[in-house]
Amino acid sequence: MSLSLNLGQLATRQVGLLPSDARQANDNAIYSVRKVVPSYTGYALRTRRSTDNAEADVSFDSNGLVSDSSPVTLVSDGSTSTLGNFRSAFGFVSIWYNQCKNTETVTIPLTGTILQVGTGINLDGIGSNEFVISGTFKQTVDGANGFQILENLDGTNDGIEIFSTKGRAGSTKASFNNVDITLAITSATLSDGADHTYTLSRSGNTLTFDVDGTSGTADVTGQSISVSTELFLAGNTGGNRQGVGEVSAFTVSIDGTQTYNIKDAYIYNAVQTTAANQPILSTPVALLTNSNGDVAFSFNGTSNFMSPNRALNLLSDNDTGFLVYAESNTTSYSDQHPVIAQYQESSGTPLAGSIYLGGSSAGWTVFQAGGSDGINVTAGETTSLTRPTLLAMGKPSGTSGTATVFRSDTTNGRYANVTDTFNTTVSGIAFSIGKSNGSDYFDGDISEVIILSSGSSENTEVAFNEQKAYWGV
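What counts as what
- Residues numbered from 1 in each chain as written.
- Predicted model: local features only at pLDDT ≥ 70, side-chain atom pairs only at ≥ 80, totals over all residues.
- Heavy atoms only, no water.
- Helix = DSSP H or I, 4+ residues; strand = E, 2+ residues; numbered from the N terminus.
- Buried < 20%, exposed > 50% of the residue type's maximum accessible area, 1.4 Å probe, protein only.
- Contact = heavy atoms within 4.5 Å.
- Core = buried A, V, L, I, M, F, W, Y, C linked by side-chain atoms within 4.5 Å.
- Expected span 1.5 Å × (residues − 1).
- Arc of directions from axis to C-beta.
- Polar contact = N/O pair within 3.5 Å; in protein donor to acceptor, adjacent residues only side chain to side chain.

Draft legend 1. Highlighting the overall build of the chain. Helix and strand counts for the chain stand at five helices and 35 strands. With 473 residues in all, the chain has 55% of them scored as buried. Long-range pairs, those at least 24 residues apart, make up 68% of the contacts in the chain with a sequence separation of at least 6.

Structure (structure tokens):
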């Protein structure tokens, strides 16, 4: 009898059983230790080795899974190996790649949204850190915001920017530490909706800026960027300059080594650049696994979390579904421990317009609007998850309506289907895995996080049952 059960579980746990909306890739976010989207051609994750801080991008193995057989590509020099050979020490996760984006084009909304794309570049040498920034853009509006490709300012004008704005006398300009190159190309000329190419490069003390073959140079002797600050497409941290249009094939190379190849995907990858905050992937002995034997990321409940570089506009007059496959290491909860969160809070208390899926002293819950308008999905079961569990929520379109929550816990093999009414729109809030905006962290293992745009309650239920079939819970 036991043998039949095990064979049955193995038969259902196959790559290719997809959450039903996974094919609507562009609006979704899918992070997993398995390949969920068959057309996805990118990496599964990036791992950092503790002994030397070397990083490697990890591909899915021939079975579409993360394993010691997974090919890895060393970030520093592009050399290849396997995950089993690379992980000679503790391994941590610095990037969890979103499987829903393969496009090279970053679309900048007409709302003036600023897209953060990374933690910065450090050009701390004078003449020694030669760099090239190049790509293609399509300017769609001849306005005050125009084409804004990169801002790397920390409040002291220590950075790089490229822009074409009507508000700057129609100029197309590049600036390196306020050393400017202005080209005789107006923003009106560039706002024809066609593709335009640009290159900004430094060789020794010469800065060169080229747009569509029109170029200019400037002397940058003695100029350097001495700090690594955040990189942005379409604006800066202060929000006083914002861009519109599309950017594609955006690359940054330093001393001939490519450090960034910004895609739309990158903005939605879950990242953690601070070493102390990175979840654990492996010990010197083995990859970490959950109770079902699946590879998992271990979050410590005190500092580990990951977040995309862009806030997700979800639960704002559109259908959205959240699905998580995780298990908790905590035997009881005294406060809130979100697994995933799109969250605003004040002193640990959720504010109106917030949501998270996680645990509390009341059990597994979904909160919105300060927690007073939320759903308790314990259904009389345990308040902690000691085995792999699926938790999901689907919300109909509109600013209010009935949300449905699903839960599967192998403690008793059942799941709860509970409904409640949500009355507040959630939009444009920072999204994280393993942490709210405050001091609440998840303590446990996470193997998969799926956010479905167009994931109504009905669609989420289908996806939930597909997940159950794959994970065998």
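Draft legend 2. Here's a closer look at the nonpolar core. Among the nonpolar cores identified, the biggest contains 59 residues, and L45, V66, W96, I340, I433 and I446 are the most heavily contacted of them. In this structure I433 touches Y31, W96, A270, F299, F305, M306, V339, I340, I446 and V449, once residues within four positions along its chain are discounted. Core analysis: the second largest hydrophobic core is formed by 23 residues, A174, L183, V211 and A218 among them.

Draft legend 3. Region of interest: helix 5 (residues 457–471). Across its 15 residues, helix 5 extends 21 Å between first and last C-alpha, which sits within 8% of the 21 Å expected from 1.5 Å per residue. Taken as a whole, helix 5 has its buried residues at S457, T460, A463, F464, Q467, K468, Y470 and W471. One side of helix 5 holds all its buried residues, which, seen down the axis, span an arc of 160°. Downstream of helix 5 by one or two residues, G472 has phi in the positive range, about 75°.

Draft legend 4. Representation of the side chain of N290 within the structure. Tracing the chain through its elements places N290 in the loop between strand 21 (280–282) and strand 22 (297–300). Relative accessible area serves as the criterion here: at 8%, N290 is assigned to the buried category. At 3.2 Å, the side chain of N290 forms a polar contact with the side chain of S447.

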